[in-house]
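Okay, here's what each chain looks like letter by letter:
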Amino acid sequence: MRRGILLRLALVALLLALVLRPAWFAPIFAPFAPEGGPVIYDRASLLSLSLSHLGLVALASAAATLVAVTLAILVTRPAGAAFRPLSRTITNMGQTFPPVAVLALAVPALGFGAGPTLVALFLYGLLPIFENAVTALSNLPPATMEAARGIGLNRRQRLLQVELPLALPVILTGIRLSVVIALGTATIGSTVAARTLGEVIIAGLLTNNTAYVLHGGLIVGLFAVLIYDALVRLEAGLSRRMGLAKAA
Amino acid sequence: MIEIDRITRLYDGKPAVDAVSMTVETATITAIVGTSGSGKTTLLRMINRLVEPSSGEVRINGEPTTGLEKHVLRRRIGYAIQGHGLFPHHTVARNIGAVPRLLGWPAEKIRARVDELLDLFSMPPAEFRDRFPAELSGGQQQRVGVARALASRPDLLLMDEPFGALDPIIRTRAQEDLRRIQRALGSTILIVTHDMEEAIQLGDRVAVMDAGRLVQHGTPAEIITRPATAFVAEMVGGVERPLRLLSLFPVSDLIQEGPAEGAAVPDRTSLRDALSTCLWTGRDALPVERDGQRIGRVTLDAIRSRAECHA
Ligand SMILES: Nc1ncnc2c1ncn2[C@@H]1O[C@H](COP(=O)(O)OP(=O)(O)OP(=O)(O)O)[C@@H](O)[C@H]1O
Ligand SMILES: [Mg+2]
């Protein structure tokens, strides 16, 4: 437990240093830089790239959550059951397109910049959240649902007070998966001029500068690991608070 | 008064409940007994419209249940579901207070009511109020389920095998508590059970179901002494019938003058327990007392003839 906390603190410190004090790492990355070339990326501040990267991911994931959960709620109502296969097909399609293809297709419509990246991240984020939300909402404990009807909760109250809270941990798992996918996928957004940490990595690839690639990759990786971990802990905490720990 | 009027429910063309009619008087307990799959739960669920009847109707105090919106109807009817169905994400207190909260009771009143009910079911509020259902034993969960059904003091209570998971001692106590609450509040209760013993002890009326049909509906004594069908006779348990019958009456029914040796029994003791005491202690008569005062005796002969004359 203590060791876990220490490890997390160390990773956070490392991440902050990589973003805020990149110069400290020059000696470490120097061997990977081309002879006489720059070691540390300096065309933009890593902080602003990080913030913009995280912002894109947060926005796309929030939109994906909203749409996916709403869809899942609709198709798990008796009236919406008929749309279940269709909505599954649509969310699946988001996954089958390679992200590069989505970017390429979106650029003519949305122009260069953040727009196409947002669309790609959004489409990629839908499926895991939708699948998890549908599973969670259609596998609620039958006796509890019966009791919810039996004591006189109306549809809306059942949804808000019983179904969604009980489904929340599983929905969160879906959100976690799609956030982590989005964190990685966002890097290729820089190919269409979205400001993300991918800029550092791609600059490294173009100039044969492995130091850039390592630096950018480490930052993205650390963000992914730490956010993943935080969400896992949030899920566990929620389940425990809701008394589901034993059941789960 | 609840009038169940030729109510039928078909599943895949086969009746789970088949043209059942029954009138339940206000402020009585009706115990519905029958084997597994005989349609008891389905019958109960048609009263609060968790299941819609294929035909027939239910009237509460003359009003058809279809006249209200379902959720409004259900808030007025306490419902203890088979297998408790507690909300796993809510504490015990919040589970019990669910209906009062829906009805807009003030928080203080809900809190007091929750504690009162926990006390009633021998679960110290300070210890149990803030636990989650997963942190309770099966029997405790079941009692919380019953407490939730009672919370808003509904006039009508539907209970589906509410005491199934309780050990015999707690079960007897829970039955007595339910009896007491029902008498005090004048509630009307329909309680489903597998257990004829429980039905006889608890019910003012017993309704016996067999394969979706109501085969007999009467007082416990009628069911025991004049079973309508071979199935009912089997349910009331051939050889145990005289004992079950005796369990319905207190010794005060048979009290007489005369001498009796040994320890006295209270006048509310059932004839069955008195018989048992006679046999166990080898006496032909027991002194009977009320509030510590000796008021007469009950004899083995009198008990025997009581069992005989009904056979
Ligand atoms: N939703 C349903 N769909 C199909 N058949 C059903 C449904 N609900 C109940 N049945 C059938 O109706 C019959 C009566 O079921 P019900 O649950 O009322 O029995 P019960 O008397 O309560 O039994 P138990 O004592 O086991 O609880 C059974 O044969 C059951 O299989
Ligand atoms: Mg049943």
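No experiment lies behind these values; they were computed from the predicted model shown. (Residues numbered from 1 in each chain as written. Chains lettered and ligands numbered in written order. Predicted model: local features only at pLDDT ≥ 70, side-chain atom pairs only at ≥ 80, totals over all residues. Heavy atoms only, no water.)

### Some thoughts on the sheet that holds strand β13 (residues 293–299) of chain B
Residue and element names in this part refer to chain B. On the basis of which strands lie adjacent, the open sheet formed by 3 strands has the order β11-β12-β13 and mixed pairing. Because the sheet does not close on itself, it has two edges, and the strands there are β11 (265–266) and β13. Pairing analysis gives 2 bridges linking β11 to strand β12 (residues 285–290), with the strands arranged parallel. Across the sheet, the residue bridging to Val265 is Val288, located in β12. (Pairing = 2+ DSSP bridges. Helix = DSSP H or I, 4+ residues; strand = E, 2+ residues; numbered from the N terminus.)

### Examining the sheet that holds strand β6 (residues 77–80) of chain B
Residue and element names in this part refer to chain B. Spatially, the 6 strands line up as an open sheet ordered β6-β7-β8-β3-β9-β10, and their pairing is mixed. Pairing within the sheet leaves two strands with one partner each, and these edge strands are β6 and β10 (213–218). Along the sheet, successive strands turn relative to each other by an average axial angle of 15°, direction set aside. In this structure, strand β7 (residues 156–160) lies alongside strand β8 (residues 188–193), joined through 5 bridges in parallel fashion. Considered in β8, the bridge of Leu157 is made with Ile189. Of the strands in this sheet, β3 (29–34), β7 and β8 are in contact with helix α8 (residues 168–185), which crosses β8 at around 160°. (Axes fitted to C-alpha atoms, helices over the stretch in contact; angles between N-to-C directions. Contact = heavy atoms within 4.5 Å.)

### Some thoughts on the pattern of salt bridges
Should the charged atoms of two oppositely charged side chains come close, the side chains can pair. Under the counting rule described, the total for this entry stands at 23 salt bridges over all chains. Across the pair A:Arg176 and A:Glu235 runs a salt bridge, and its minimum N-O distance is 2.8 Å. A residue pair is termed long-range when its members are at least 10 positions apart, and A:Arg176 in helix α8 (residues 155–185) and A:Glu235 in helix α10 (residues 210–241) qualify at 59 residues. For A:Glu235, a relative accessible area of 9% gives the class buried. Residue B:Lys70 pairs with B:Glu52 through a salt bridge whose shortest N-O separation is 3.6 Å. Residue B:Lys70 is located in helix α2 (residues 70–75), and its partner B:Glu52 is located in the loop between α1 (40–47) and β4 (55–60); the two are separated by 18 residues in the primary sequence. A cluster of three or more residues bridged by salt bridges with shared partners is formed by B:Glu3, B:Asp5, B:Glu57 and B:Arg59. (Salt bridge = Lys/Arg side-chain N within 4 Å of Asp/Glu carboxyl O. Buried < 20%, exposed > 50% of the residue type's maximum accessible area, 1.4 Å probe, protein only.)

### Re the UniProt feature "transmembrane region" (unreviewed entry) in chain A
Residues and elements named next belong to chain A. Here, UniProt's "transmembrane region" (unreviewed entry) annotation points to residues 49–75, 96–115, 164–192 and 212–232. In this annotation, residues 49–75 is assigned 100% helix and 0% strand; the end-to-end C-alpha distance for the span is 38 Å. In the segment residues 212–232, helix accounts for 100% and strand for 0%; the C-alpha atoms at its two ends are 30 Å apart. (UniProt positions renumbered as here; feature names shortened; annotations may be inferred.)

### A word on the coordination of the magnesium ion (ligand 2)
Binding of the magnesium ion (ligand 2) to the protein goes through B:Thr41 (OG1) and B:Gln82 (OE1), at separations of 1.8 to 2.4 Å. Placement of B:Thr41 in helix α1 and of B:Gln82 in the loop between β6 and α3 (92–96) is noted, with a sequence separation of 41 residues between them. (Donors = N, O, S within 2.8 Å, 3.2 Å for Na, K, Ca; no water.)

### Focus: the site of ligand 1
Residue and element names in this part refer to chain B. Around ligand 1, the surrounding shell holds 13 residues, and the nearest of these are Ser36, Gly37, Lys40, Thr41 and Thr42. One of the side-chain N or O atoms of Glu161 is found 3.5 Å from an oxygen atom in ligand 1. The separation between an oxygen atom of ligand 1 and a polar side-chain atom of His194 is 3.1 Å. Protein contact buries 59% of the 640 Å² of open area that ligand 1 shows by itself. Looking at the shell around ligand 1, its residues break down into 2 nonpolar, 9 polar and 2 charged. (Near = heavy atom within 4 Å. Polar contact = N/O pair within 3.5 Å; in protein donor to acceptor, adjacent residues only side chain to side chain. Areas by Shrake-Rupley, 256 points an atom, 1.4 Å probe, with all protein chains shown as cover. Nonpolar A, V, L, I, M, F, W, Y, C, P; charged D, E, K, R; others polar.)

### Describing the packing of aromatic side chains
In this structure the tally under the stated criterion is 1 aromatic pair over all chains. Ring plane angle 85° and centroid distance 5.3 Å describe the contact between A:Tyr41 and A:Tyr212, whose orientation is recorded as edge-to-face. Pair noted here: A:Tyr41 is in the loop between α2 (26–29) and α3 (46–75) and A:Tyr212 is in helix α10, with a separation of 171 residues, a long-range link. Both residues of the pair, A:Tyr41 and A:Tyr212, belong to the buried class. The lysine or arginine in question, A:Arg176, covers the ring of A:Tyr228, its NZ or CZ lying 4.7 Å from the ring centre. Taking NZ or CZ as reference, B:Arg306 lies 4.1 Å from the ring centre of B:Phe249, over its face. (Phe/Tyr/Trp six-rings, centres within 6.5 Å; stacked < 30°, edge-to-face > 60°. Lys NZ or Arg CZ within 6 Å of the ring centre and 35° of its normal.)

### Overview of the packing of helix α1 (residues 2–20) of chain A against α10(A)
Packed helix pairs are characterised by how far apart their axes lie and by the angle those axes make with each other. Residue and element names in this part refer to chain A. Viewed as axis vectors pointing N to C, α1 and α10 meet at an angle of 145°, and their least axial separation amounts to 10 Å. Here the hand of the crossing between α1 and α10 comes out left-handed. Contacts from Arg8, Leu11, Val12, Leu14, Leu15, Leu18 and Val19 in α1 reach His215, Leu218, Ile219, Leu222, Phe223, Leu226, Asp229 and Arg233 in α10. When the residues that make up the contact of α1 with α10 are grouped by side-chain class, the tally is 11 nonpolar, 1 polar and 3 charged. (Left-handed = near helix turned anticlockwise from the far one by under 90°.)

### Here we look at the UniProt feature "domain: ABC transporter" (unreviewed entry) in chain B
Mapped onto the present numbering, the UniProt feature "domain: ABC transporter" (unreviewed entry) falls at residues 2–236 of chain B. Taken end to end, residues 2–236 of chain B comprises 39% helix and 26% strand; its first and last C-alpha atoms sit 26 Å apart.

### As for the interface of chain A and chain B
In this complex, chain A contributes 21 residues to the contact, which on the side of chain B involves 23 residues. Counting the surface lost from both chain A and chain B, the interface buries some 1900 Å², and carbon and sulfur atoms represent 61% of this. Sorting the residues of chain A by area buried against chain B places A:Glu146, A:Arg149 and A:Ile151 first, and these three jointly supply 31% of that buried surface. At the junction of chain A with chain B, the criterion picks out 1 salt bridge. Among the salt bridges present, the one from A:Glu146 reaches B:Arg45, with a minimum N-O distance of 2.3 Å. (Buried area = accessible area lost by both parts, 1.4 Å probe.)

### Thoughts on the UniProt feature "domain: ABC transmembrane type-1" (unreviewed entry) in chain A
In the UniProt entry, the feature "domain: ABC transmembrane type-1" (unreviewed entry) is given for residues 50–231 of chain A. Helix makes up 81% of residues 50–231 of chain A and strand 0%, whereas the separation of the span's terminal C-alpha atoms amounts to 19 Å.

### Some words on the packing of helix α9 (residues 198–206) of chain A against α10(A)
All names here are of chain A. Orientation of α9 relative to α10, taken along the N-to-C sense of each, is 160°, at an axis distance of 7 Å. Here α9 lies roughly antiparallel to α10, going by the angle between them. Viewed along their axes, α9 and α10 form a crossing whose handedness is left-handed. Of α10, the residues touching α9 (which contributes Val200, Ile201, Ala203, Gly204 and Leu205) are Tyr212, Val213, Gly216 and Gly217. Broken down by class, the residue content of the contact of α9 with α10 amounts to 6 nonpolar, 3 polar and no charged. (Parallel < 35°, antiparallel > 145°, perpendicular 65-115°, else oblique.)

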